[in-house]
Amino acid sequence: MLTTQPRHKVDGYRPGLSSCGAFGRLRAAWRRLSRGRPSRGRRGLDFHLLLRFIEQSETVYKTIHGVNPVLIWCFNDGLHPKLFLESHRAVTAVSFCPFDENLIVGGLQNGQIIIWDIKNKLNKVEEEEILTTEQQKYKVLMFSLVQWMKHTRDFSRVRITAESDIQHSHTSPVSSVKWMTPTWKITRTGQIQDIKEDEAHSLQFVSCATDGSILFWDLQARPATSVGDYTPTRKSRRLTARPTALTVDVSPYRFLNRLMQPQYRLTTHNVKKNKPLLLSCLDLLPVDVSYKIPSAIETHSLTDRLTCPPIITEPPHPPETILFCGSLDGYFTCVQWDGYDVNPGDMVIQECAKLRKIGRYHDGPVTCIDRNGLCPDTYLTVGGKVFAIWKDSFPHRPILWRRSRHRYLHGAWSIKNSAMIKLCRSDGNREVWYLIRRTDKMYYEQSLSGSAILGSYTHPSRGNMPDVLGVADCNGSFRIFYVPLALTGNKDAHELLNIQLDREVNRKKAFMAWQNNWLKNNQHIVQERWANRLEYQRKREEKAITEKRRILEEKQRLIKEQILAAQKSVPQPGHYGEWAKEQWQIKEEERMNKVLLLKKQLNPNILASQQMPLKTLQQEEEKKKKKQKDRLQSSDKIFTETVAMLFPDVIKKKPPPPIDPYAGGNLLEDKQTCIKEFAQVVEECKLYVKENIFEYKFDWQKIMQAGRNRRKTIDRQFLTFSHKNRRENEKNSVISTIESESKVSWISGS
């Protein structure tokens, strides 16, 4: 089916406008400028009105007719995407449903949430249309003649299934979308409940935006058009059930179109700054879903399509009303809410969330938060030029953070190795950190793009096949790389990482306890340092005020000189004769100077260049005098330092004289006391050694496995160049040299 696409007529910058209000004024301004007869004093205003309208019209045109697709690619076709997911606004966040492969949720720039249902879409795109030669020619001819028509039967284009009600959506661009665990559900009062075994799994997700709001959505909830969850119905004379042929491709979520409302709304507010948190990313408990992989997966290639049904398991811990958020100001925050016991009666219930802990260690917007899959209490945050690792048991401060010369744009934990971090930088490189090997420096670095990398994502595992890494950069290109198996596998990585992080947490807690104790016992030192700091700040402020006052006085002096010069250039009333005499004297002086220079044949520029050495000598003499003056003022200090350097024994503090043994006291009693204390310490040490027996656990298999892993890691850059290849190359080089020598000897003999 072909439908005509509306075209908009444009006549220069003269769009059709009404003759009233601002449009009428704009039309009048255009007429005045086009005829070359602008009204007096209105040329700048008319031009400003035209420019403003042109900018607004271009923005509106891009918004309505612009293309903002989300592309879905397949491994068997790297040049053309399989599906184009259409959108009427720029998409700022996208998320696949982890337990329903047909659902995709996106967040728009205007704050709305949209849903795409791609059920049966890929099969229709890959179906081959069988046409005869005449039919193909007729089809090509028709499309060449009617290029202004739009083809509506293009199965690769997927339209929006449903979009949220703009009245109850975000008011700024959506920054992140995350799916909730399907075994939990959040009610309209903000309470999280477990789903019973006989009930269906939930379809809920969370979204956040830069306006500081967090919204919970439910795709199974019926939208309410009035207060009290009441949806009015009307009687219809149509058939109660449509024919099956008309409902095959109809999505079950079509009823949510422009009616979808959030289940619950949270607002965040920074009390210190007295403004809402500009949320840039979001993280909650990951969905505990595994996939049933076919047994014959090893016989398939990467281009084969496999269907892996999800296996949903119940999380081991009870549901918690806690979220982790990052902001554009560099804050990492833990958000908590309580919910309501009774429904207040609003269409969308709103609550101001509590910030349980908040920390700011990033020098830019927090671009992503990633939770470790095998260590759920460990988080990675990336923002600005800093990445940090946090743990629930140590709030307000990160366990580890590092700074780079380049800006980080994305970061994530490795799927197969929980101790490995992958970071994307603005210079097109990708850093990999292996925390159990070293934390002071990156493990290795890769150059994957010539521009900033916006993200790197690992494809789900397919048995023993190598991992596939997708990289997206700011130029709009998407690249796919293979990851060697030698860089991914380590079964004991999460245990070693937990031990390392717990040790670091204990060290930091012990240091903080010691620090707090020291500050408590040395209040006078803290107060003295604080007083010195306040004094230093006061002096700096006084110096700044003095400098400002000097600059202001200089400006006032220059203004006065300009005023006096202006007054002298114009005669005062009643003093015209005096003013004329002064002007005549000034001109006479200038004329005499010119006459003298001409008679003596002197050039002012040459005189100035000849005076430069003399002026330089004079300035150097003034600097020498100033240095001498400063040296005389510090003569006492110089004398003290010279004496200390030449005669250190004179100013050296003499040690106190030894204690006279005959001055008093009983040496025998002191010796007996020392012997008793030493015996007591020996007994305590023996008891401690007896209670804490050291047992060395030796496992030969673990040591061999660790050695093999180290060998693989060290030889990762020599994977393609083995010892056998090196021997063959050496053999070939020796043979070639022998042949060349034999040829030379044969030529010389002949």
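One can find the structure itself at the top, above this paragraph.
Reading the values: the criteria
Residues numbered from 1 in each chain as written. Predicted model: local features only at pLDDT ≥ 70, side-chain atom pairs only at ≥ 80, totals over all residues. Heavy atoms only, no water. Salt bridge = Lys/Arg side-chain N within 4 Å of Asp/Glu carboxyl O. Helix = DSSP H or I, 4+ residues; strand = E, 2+ residues; numbered from the N terminus. Buried < 20%, exposed > 50% of the residue type's maximum accessible area, 1.4 Å probe, protein only. Pairing = 2+ DSSP bridges. Expected span 1.5 Å × (residues − 1). Polar contact = N/O pair within 3.5 Å; in protein donor to acceptor, adjacent residues only side chain to side chain. Core = buried A, V, L, I, M, F, W, Y, C linked by side-chain atoms within 4.5 Å. Contact = heavy atoms within 4.5 Å.

A. Region of interest: the pattern of salt bridges. This model, assessed by the stated rule, comprises 20 salt bridges. Ionic pairing is found between Glu431 and Arg425, a salt bridge with its closest N-O pair at 2.5 Å. Between Glu561 and Arg557 there is a salt bridge; the shortest N-O distance is 2.5 Å. In this pair, Glu561 and Arg557 both sit in helix α6 (residues 523–569), four residues apart, roughly one turn of the helix. In this structure Arg557 comes out as partly exposed when scored by relative accessible area, which is 38%.

B. How the structure looks around the sheet that holds strand β8 (residues 157–158). Taken together, three strands build an open sheet; the order of strands is β2-β3-β8 and the sheet is mixed. The outermost strands of the open sheet, each flanked by one partner alone, are β2 (70–72) and β8. In this structure, β2 lies alongside strand β3 (residues 83–85), joined through three bridges in antiparallel fashion. In the strand pairing of β3, Val70 is matched with Leu85.

C. A look at helix α12 (residues 700–714). A rise of 1.5 Å per residue sets the reference length of α12, with its 15 residues, at 21 Å; its end C-alpha atoms lie 21 Å apart and thus fit the reference within 8%. Where α12 begins, the side chain of Asp699 points an oxygen toward the backbone nitrogen of Gln701, at a separation of 3.3 Å.

D. Molecular detail of the nonpolar core. Judged by nonpolar contacts, the single largest core of 25 residues is most densely connected at Phe387 and Ile421. Here this core takes four residues from helix α5 (residues 493–521), the largest share from any one element. When neighbours within four sequence positions are excluded, Ile421 is seen to be in contact with Leu380, Phe387, Ile389, Ala412, Trp413, Glu431, Val432, Trp433 and Leu435. Formed by 22 residues, the second largest nonpolar core is a distinct cluster that contains Ile186, Val335, Trp337 and Ile349.

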